[in-house]
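Working through the structure, step by step
Each chain is listed here by its residues.
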Amino acid sequence: MIDKSYYRWFNGYTNNVLALTWCSAATTDDVLAACHIPPEITEPMKFLGGDVDMLIGRLGTGTVILDYSVDCPTPGALPALARQGPCLRAAWCDEVPAIVSYHHRDGRMIEFDAASRDWYPNPDLASVERWIATTPGGKESWDDRWGRAVLVTAEALVEASVDEEWMRSMHVGVTFPA
(Lines give C-alpha, C1' and ligand atoms only; values in the text may rest on other atoms or scores of the structure.)
Protein backbone atom coordinates (compact mmCIF):
# COMPACT_ATOMS: atom_id res chain seq x y z
CA MET A 1 0.00 0.00 0.00
CA ILE A 2 1.15 3.54 -0.68
CA ASP A 3 2.26 5.26 2.50
CA LYS A 4 2.37 8.98 3.31
CA SER A 5 6.07 9.38 2.55
CA TYR A 6 5.74 7.86 -0.95
CA TYR A 7 2.66 9.96 -1.61
CA ARG A 8 4.54 13.15 -0.59
CA TRP A 9 7.58 12.10 -2.65
CA PHE A 10 5.40 11.46 -5.71
CA ASN A 11 3.53 14.76 -5.32
CA GLY A 12 6.80 16.61 -4.95
CA TYR A 13 7.94 15.36 -8.33
CA THR A 14 4.59 15.87 -10.08
CA ASN A 15 3.51 19.25 -8.69
CA ASN A 16 3.85 20.89 -12.15
CA VAL A 17 1.87 18.16 -13.91
CA LEU A 18 -1.70 19.06 -14.85
CA ALA A 19 -2.81 15.48 -15.52
CA LEU A 20 -1.45 11.97 -15.14
CA THR A 21 -2.70 9.06 -17.21
CA TRP A 22 -1.91 5.39 -16.73
CA CYS A 23 -2.67 3.09 -19.68
CA SER A 24 -2.55 -0.57 -18.67
CA ALA A 25 -1.50 -2.04 -22.02
CA ALA A 26 -0.52 0.82 -24.33
CA THR A 27 3.04 1.39 -25.50
CA THR A 28 4.73 4.72 -26.11
CA ASP A 29 4.15 4.26 -29.86
CA ASP A 30 0.44 3.59 -29.17
CA VAL A 31 0.21 6.88 -27.26
CA LEU A 32 1.97 8.83 -30.00
CA ALA A 33 -0.35 7.34 -32.65
CA ALA A 34 -3.56 7.86 -30.64
CA CYS A 35 -2.57 11.46 -29.89
CA HIS A 36 -1.51 12.09 -33.53
CA ILE A 37 1.95 13.20 -32.44
CA PRO A 38 4.55 13.24 -35.21
CA PRO A 39 7.99 11.83 -34.29
CA GLU A 40 9.76 15.07 -35.19
CA ILE A 41 8.33 16.85 -32.14
CA THR A 42 9.52 14.12 -29.75
CA GLU A 43 12.88 13.63 -28.11
CA PRO A 44 14.38 11.26 -25.55
CA MET A 45 14.10 12.93 -22.19
CA LYS A 46 14.44 12.20 -18.52
CA PHE A 47 11.83 13.25 -16.02
CA LEU A 48 12.32 16.96 -15.26
CA GLY A 49 14.54 17.07 -18.32
CA GLY A 50 13.42 20.40 -19.72
CA ASP A 51 10.57 22.42 -21.10
CA VAL A 52 8.06 19.86 -22.29
CA ASP A 53 4.31 19.58 -22.93
CA MET A 54 4.06 15.82 -22.39
CA LEU A 55 6.28 13.09 -21.03
CA ILE A 56 5.47 9.49 -21.96
CA GLY A 57 7.17 6.60 -20.20
CA ARG A 58 6.77 2.85 -19.97
CA LEU A 59 5.87 1.52 -16.55
CA GLY A 60 5.13 -2.11 -15.78
CA THR A 61 2.62 -3.49 -18.28
CA GLY A 62 1.68 -0.09 -19.63
CA THR A 63 2.53 3.54 -20.05
CA VAL A 64 2.33 6.69 -17.95
CA ILE A 65 1.53 10.02 -19.61
CA LEU A 66 2.31 13.27 -17.81
CA ASP A 67 0.55 16.29 -19.30
CA TYR A 68 2.16 19.64 -18.49
CA SER A 69 0.00 21.67 -20.87
CA VAL A 70 -3.75 22.24 -20.94
CA ASP A 71 -3.69 21.73 -24.71
CA CYS A 72 -2.44 18.13 -24.61
CA PRO A 73 -4.39 15.62 -26.72
CA THR A 74 -4.49 12.87 -24.08
CA PRO A 75 -8.18 13.19 -23.07
CA GLY A 76 -9.39 12.73 -26.66
CA ALA A 77 -7.05 9.79 -27.20
CA LEU A 78 -8.20 7.81 -24.16
CA PRO A 79 -11.02 5.86 -25.88
CA ALA A 80 -8.53 4.61 -28.50
CA LEU A 81 -5.88 3.77 -25.91
CA ALA A 82 -8.43 1.98 -23.71
CA ARG A 83 -9.21 -0.49 -26.51
CA GLN A 84 -5.90 -2.15 -25.62
CA GLY A 85 -6.58 -2.06 -21.89
CA PRO A 86 -8.12 0.17 -19.24
CA CYS A 87 -6.80 3.69 -18.70
CA LEU A 88 -7.01 5.92 -15.64
CA ARG A 89 -6.55 9.69 -15.80
CA ALA A 90 -6.40 12.19 -12.96
CA ALA A 91 -6.41 15.88 -13.86
CA TRP A 92 -6.19 18.82 -11.51
CA CYS A 93 -5.29 22.45 -11.59
CA ASP A 94 -5.49 25.28 -9.05
CA GLU A 95 -9.03 26.52 -9.67
CA VAL A 96 -10.37 23.49 -11.55
CA PRO A 97 -12.11 20.39 -10.14
CA ALA A 98 -9.96 17.26 -9.69
CA ILE A 99 -11.38 15.10 -12.48
CA VAL A 100 -10.76 11.35 -12.45
CA SER A 101 -11.60 9.38 -15.60
CA TYR A 102 -11.53 5.63 -16.06
CA HIS A 103 -11.89 4.26 -19.59
CA HIS A 104 -12.55 0.56 -20.03
CA ARG A 105 -11.71 -1.60 -23.02
CA ASP A 106 -15.39 -2.01 -23.94
CA GLY A 107 -15.94 1.75 -24.18
CA ARG A 108 -17.43 2.27 -20.72
CA MET A 109 -16.28 5.38 -18.95
CA ILE A 110 -16.51 6.59 -15.37
CA GLU A 111 -15.73 10.24 -14.69
CA PHE A 112 -16.12 12.32 -11.56
CA ASP A 113 -14.74 15.13 -9.46
CA ALA A 114 -12.59 13.37 -6.88
CA ALA A 115 -13.21 16.07 -4.27
CA SER A 116 -16.99 16.15 -4.82
CA ARG A 117 -18.19 12.95 -6.51
CA ASP A 118 -21.81 14.07 -6.73
CA TRP A 119 -20.85 17.03 -8.95
CA TYR A 120 -21.63 15.91 -12.53
CA PRO A 121 -20.66 12.23 -12.23
CA ASN A 122 -20.59 10.34 -15.49
CA PRO A 123 -22.62 8.28 -16.23
CA ASP A 124 -24.18 8.71 -12.76
CA LEU A 125 -23.25 8.73 -9.08
CA ALA A 126 -24.29 5.11 -8.50
CA SER A 127 -21.95 3.93 -11.28
CA VAL A 128 -19.10 6.03 -9.90
CA GLU A 129 -19.62 4.68 -6.36
CA ARG A 130 -19.76 1.07 -7.66
CA TRP A 131 -16.51 1.57 -9.58
CA ILE A 132 -14.79 3.17 -6.58
CA ALA A 133 -15.79 0.22 -4.40
CA THR A 134 -14.08 -2.19 -6.83
CA THR A 135 -10.76 -0.32 -7.01
CA PRO A 136 -7.73 -1.50 -5.02
CA GLY A 137 -8.00 1.56 -2.77
CA GLY A 138 -11.65 0.94 -1.95
CA LYS A 139 -14.29 3.43 -0.87
CA GLU A 140 -12.63 4.34 2.43
CA SER A 141 -9.41 5.36 0.69
CA TRP A 142 -11.27 7.45 -1.92
CA ASP A 143 -13.24 9.15 0.86
CA ASP A 144 -10.16 9.83 2.99
CA ARG A 145 -7.37 10.61 0.49
CA TRP A 146 -8.49 10.53 -3.13
CA GLY A 147 -4.96 11.35 -4.39
CA ARG A 148 -3.56 8.28 -2.68
CA ALA A 149 -6.51 6.21 -3.96
CA VAL A 150 -5.68 7.32 -7.52
CA LEU A 151 -2.07 6.15 -7.10
CA VAL A 152 -3.06 2.82 -5.57
CA THR A 153 -5.54 2.21 -8.40
CA ALA A 154 -3.12 3.36 -11.11
CA GLU A 155 -0.22 1.29 -9.89
CA ALA A 156 -2.42 -1.80 -9.73
CA LEU A 157 -3.54 -1.04 -13.29
CA VAL A 158 0.02 -1.04 -14.70
CA GLU A 159 1.37 -3.50 -12.11
CA ALA A 160 4.27 -1.24 -11.12
CA SER A 161 5.19 1.84 -9.09
CA VAL A 162 6.99 4.98 -10.10
CA ASP A 163 10.33 4.98 -8.31
CA GLU A 164 13.72 6.69 -8.43
CA GLU A 165 14.86 4.39 -11.24
CA TRP A 166 11.84 5.39 -13.35
CA MET A 167 12.56 9.04 -12.63
CA ARG A 168 16.15 8.63 -13.87
CA SER A 169 15.17 6.62 -16.98
CA MET A 170 14.80 7.99 -20.49
CA HIS A 171 11.25 8.62 -21.66
CA VAL A 172 9.67 10.37 -24.64
CA GLY A 173 9.29 14.13 -24.32
CA VAL A 174 6.84 15.98 -26.55
CA THR A 175 6.96 19.71 -27.21
CA PHE A 176 4.18 21.06 -29.37
CA PRO A 177 5.05 23.80 -31.89
CA ALA A 178 4.02 27.28 -30.79
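This write-up is about the structure you can find in this document. (Residues numbered from 1 in each chain as written. Predicted model: local features only at pLDDT ≥ 70, side-chain atom pairs only at ≥ 80, totals over all residues. Heavy atoms only, no water.)

1. A look at the packing of helix H1 (residues 4-13) against helix H6 (residues 146-158)
- Running from amino to carboxyl end, H1 crosses H6 at an angle of 90°, the nearest separation of the two axes being 11 Å. Relative to H6, the element H1 is oriented roughly perpendicular. Contacts between H1 and H6 pair Lys-4, Tyr-6, Tyr-7 and Phe-10 from the former with Gly-147, Arg-148, Leu-151 and Glu-155 from the latter.
- Looking at the contact of H1 with H6 residue by residue, the class counts come to four nonpolar, one polar and three charged. (Axes fitted to C-alpha atoms, helices over the stretch in contact; angles between N-to-C directions. Helix = DSSP H or I, 4+ residues; strand = E, 2+ residues; numbered from the N terminus. Parallel < 35°, antiparallel > 145°, perpendicular 65-115°, else oblique. Contact = heavy atoms within 4.5 Å. Nonpolar A, V, L, I, M, F, W, Y, C, P; charged D, E, K, R; others polar.)

2. Section: the pairing of strand E1 (residues 19-23)
- With five of five residues buried, E1 lies mostly within the body of the structure.
- Neither face of E1 is exposed, since Ala-19, Thr-21 and Cys-23 on one face and Leu-20 and Trp-22 on the opposite face are all buried.
- Sheet topology note: the E1/strand E4 (residues 62-67) ladder contains five bridges and is antiparallel. Paired with Thr-21 across the two strands is Ile-65, which belongs to E4. (Buried < 20%, exposed > 50% of the residue type's maximum accessible area, 1.4 Å probe, protein only. Pairing = 2+ DSSP bridges.)

3. Comments concerning the nonpolar core
- Core analysis: the largest hydrophobic core is formed by 35 residues, its most contacted members being Trp-22, Leu-66, Leu-88, Phe-112, Trp-131, Trp-142 and Trp-166.
- Among the elements that make up this core, the one with the highest residue count is H6 (six residues).
- Trp-22 has contacts with Phe-10, Thr-63, Val-64, Pro-86, Cys-87, Leu-88, Val-150, Leu-151, Ala-154, Leu-157 and Val-158, leaving out every residue within four places of it along the chain.
- Counting 19 residues, the second largest nonpolar core, distinct from the first, contains Cys-35, Ile-41, Ile-56 and Leu-81. (Core = buried A, V, L, I, M, F, W, Y, C linked by side-chain atoms within 4.5 Å.)

4. Here we look at the pattern of salt bridges
- Using the criterion set out here, one finds six salt bridges in the structure.
- A salt bridge links Asp-67 to Arg-89; the nearest nitrogen and oxygen atoms lie 2.9 Å apart. One end of the pair, Asp-67, is in strand E4; the other, Arg-89, is in strand E5 (residues 87-93), with 22 residues separating them in the sequence. Each of the two residues, Asp-67 as well as Arg-89, counts as buried.
- One salt bridge connects Asp-143 with Arg-117, and the closest N-O pair in it is separated by 2.5 Å. In this pair, Asp-143 is assigned in helix H5 (residues 138-144) and Arg-117 in the loop between strand E7 (109-113) and helix H4 (125-134), connecting sequence segments 26 residues apart.
- In this structure Asp-143 comes out as partly exposed when scored by relative accessible area, which is 43%. (Salt bridge = Lys/Arg side-chain N within 4 Å of Asp/Glu carboxyl O.)

Read these as geometric descriptors, not functional statements.
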